[in-house]
Amino acid sequence: MAVEEDKKSSRNRTITLTEEEKEKYSKLLHVMEGPAALEEIENKTTNQDLFEVLDWLPRNCVDLLFLDPPYNLDKEFNRTVFKQRSTEAYLKWLETWFPKLLPTLKPNASVYFCGEWRSSTAIHLLLEKYLKVRNRITWEREKGRGALTNWKNCSEDIWFCTVGDEYTFNADAVKLKRRVIAPYRTESGRPKDWLETSEGNFRLTHPSNLWTDLTVPFWSMPENTDHPTQKPEKLLAKLILASTNPGDLVLDPFLGSGTTSVVAKKLGRRYIGIELDAYYCCLAEKRLALAEEDSSIQGYQDGVFWERNTLSMQRASQRGRIRRLKGCQDGSGQSSSPAQTEKSGRTDSRHHQNGGTGTELYRYSHTSSCSKGCPASGRGVDFRTPRPDLPCRGFGHRGSPKGR
Ligand SMILES: C[S@@+](CC[C@H](N)C(=O)[O-])C[C@H]1O[C@@H](n2cnc3c(N)ncnc32)[C@H](O)[C@@H]1O
């Protein structure tokens, strides 16, 4: 048993923060003090309550807005708690911040809004009021707690909207590589709509609104953190590749562990991230630093998305590609980063303040060194014992199991 545990911990790749790293990364965090120019907040993690900065965001600059707010469930985010409420009350809460983000959008921008069944009714009503709702993607969360008196919850929604009728949608950039079950051939014996490779037989299929190829980050994945509702990098990669072009700007005002900024960076996009919790902001900064060294995205390789549980095939494909590259003219043996793959292989089809009170998050944390100037960059972020008696933007760190 102890040997098994040791094996597991040696393969545990969860990104954590040492005390030195908390100190180091908290110095990189940004704090807005008034209306911000784009350059002030671009490619940075702003550690603030969204409600505090909503009126200070630059206008008409965002190409893609990704929204993954607390769902309509009881949920702890490190040192804050979101309380489940009626659909009507959740809609009211959404109305306190969502419309204020709209001026940040360019006329051809896209918006993706995450939820699950309890939140989706309110989200749909909200989005129909302000934007053109184009689709609802449902993705399967492989894991989920079984229930004795109900169906297991293992799907989530991502609502897709645009500001207008002209918008970016790069369908070719988000094709799915699937194993061929029935390998039909033409009369001349050639594969019919599929590819015969040394790693197996595959078909590249158009992306649908039902996603079954995602894995929720867990301990042996290099992208994993202990943020309780971390999104898979692969999910963000699909949205960013489909709805932006290199150099475009992505905004995530509920950044969590930084997935959106990290994937935007890996794919050569600009980003703005806002997050209330200092610990999560530091995780985001660490992941952004790691992305400098490794821009790979699990499940996305050679410009295509792979089915779930195909890691060994992806590795074989990568080995094959490196061998082929080694044998070719430049002889460099380098594999291209996702951004490079996309730049060379993609076809483009451009068609085209409420003073913080509205958040309704129950904060129960504070630290002795905070002096209410909490998350300022270089102002001394403190991650120590939570104090339920004092309100605060949230420092300290309480791990919690991942899952909605
Ligand atoms: C569902 S999580 C986002 C997870 C993220 N997509 C990821 O991959 O890690 C929502 C995040 O919103 C943050 N949050 C909640 N209220 C906020 C507010 N008023 N301002 C900024 N961030 C807030 C929470 O701390 C939490 O990390």
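Trainee: It is not clear to me how the sheet that holds strand β13 (residues 270–275) should be interpreted in this structure. Could you clarify?
Mentor: Strand pairing in a sheet takes place through backbone hydrogen bonds and is either antiparallel or parallel in direction. The strand order β1-β13-β12-β2-β5-β7-β6-β11 describes an open sheet built from eight strands, whose pairing is mixed. The open sheet has two edge strands with one neighbour each: β1 (44–47) and β11 (210–211). Relative to strand β7 (residues 155–162), strand β6 (residues 132–140) runs antiparallel, the two being bridged by eight bridges. Directly across from Val-133, in β7, lies its bridge partner Cys-161. Each of β2 (62–67), β5 (105–115), β6 and β12 (249–252) is contacted by helix α7 (residues 233–243), which is oriented at about 155° to β2, the strand it contacts most.

Trainee: Help me out: how do you make sense of the site of the ligand in this one?
Mentor: Residues in close proximity to the ligand total 23 residues, the closest being Leu-50, Phe-254, Gly-256, Thr-259 and Leu-276. Contributing elements (two or more residues each) for the shell around the ligand: α4 (50–53) and β13. Residues of the shell around the ligand, tallied by class, amount to ten nonpolar, eight polar and five charged.

Trainee: In this structure, what is going on with unusual backbone geometry? I would like to understand it.
Mentor: Excluding glycine, most residues fall at negative phi; most peptide bonds, likewise, are trans. In this model, Asn-43 sits at a positive phi of 60°, which is unusual for a non-glycine residue. Residue position: Asn-43 is located in the loop between α3 (38–41) and β1. In the Ramachandran plot, Asn-60 falls in the positive-phi region, its phi being about 55° despite a non-glycine side chain. By the element assignment, Asn-60 lies in the loop between α4 and β2.

Trainee: How should the nonpolar core be read in this particular structure?
Mentor: Within soluble globular proteins, side chains that are nonpolar tend to cluster in buried spots. Within the largest apolar cluster, 72 residues are counted, with the highest numbers of intra-cluster contacts made by Leu-65, Tyr-112 and Ile-240. Among the elements that line this core, the one with the most residues is helix α9 (residues 278–293), at nine residues. Once you skip the residues sitting within four places of it in the chain, Ile-240 turns out to touch Leu-64, Val-250, Val-263, Ala-264, Leu-267 and Arg-269.

Trainee: Help me out: how do you make sense of the sheet that holds strand β10 (residues 200–205) in this one?
Mentor: In space, the five strands of this open sheet follow the order β9-β10-β8-β15-β14, with mixed pairing throughout. Across the chains shown, the open sheet's two edge strands, defined by having one partner strand only, are β9 (195–197) and β14 (300–301). Taken together, the three bridges between β9 and β10 define a ladder with antiparallel strand orientation. What sits directly across from Glu-196, in β10, is Asn-201.

Trainee: Help me understand the packing of α7 against helix α8 (residues 259–266) in this model?
Mentor: Angle between the axes and distance between the axes are the two parameters that describe a pair of packed helices. Remark: α7 packs on α8, axes separated minimally by 9 Å, with the N-to-C direction vectors making an angle of 60°. In terms of orientation, α7 and α8 fall into the oblique class. Seen along the crossing, α7 lies across α8 with a hand that is right-handed. Facing Glu-233, Leu-236, Ala-237 and Ile-240 of α7, the residues of α8 in contact are Thr-259, Thr-260, Val-262, Val-263 and Ala-264. Broken down by class, the residue content of the contact of α7 with α8 amounts to six nonpolar, two polar and one charged.

Trainee: Teacher, can you tell me more about the environment of Ser-295 here?
Mentor: Of note, Ser-295 is situated in the loop between α9 and β14. Here Ser-295 falls in the partly exposed class, since 18 other C-beta atoms lie within 10 Å of it. The spacing of Ser-295 and Gly-268 is 27 residues in sequence and 9.9 Å in space, taken between C-alpha atoms.

What counts, and at which threshold
- Residues numbered from 1 in each chain as written.
- Predicted model: local features only at pLDDT ≥ 70, side-chain atom pairs only at ≥ 80, totals over all residues.
- Pairing = 2+ DSSP bridges.
- Helix = DSSP H or I, 4+ residues; strand = E, 2+ residues; numbered from the N terminus.
- Contact = placed C-beta atoms within 7 Å.
- Axes fitted to C-alpha atoms, helices over the stretch in contact; angles between N-to-C directions.
- Near = placed C-beta within 6 Å.
- Nonpolar A, V, L, I, M, F, W, Y, C, P; charged D, E, K, R; others polar.
- Core = buried A, V, L, I, M, F, W, Y, C linked by C-beta atoms within 7 Å.
- Buried ≥ 20, exposed ≤ 12 C-beta atoms within 10 Å, placed from the backbone.
- Parallel < 35°, antiparallel > 145°, perpendicular 65-115°, else oblique.
- Left-handed = near helix turned anticlockwise from the far one by under 90°.

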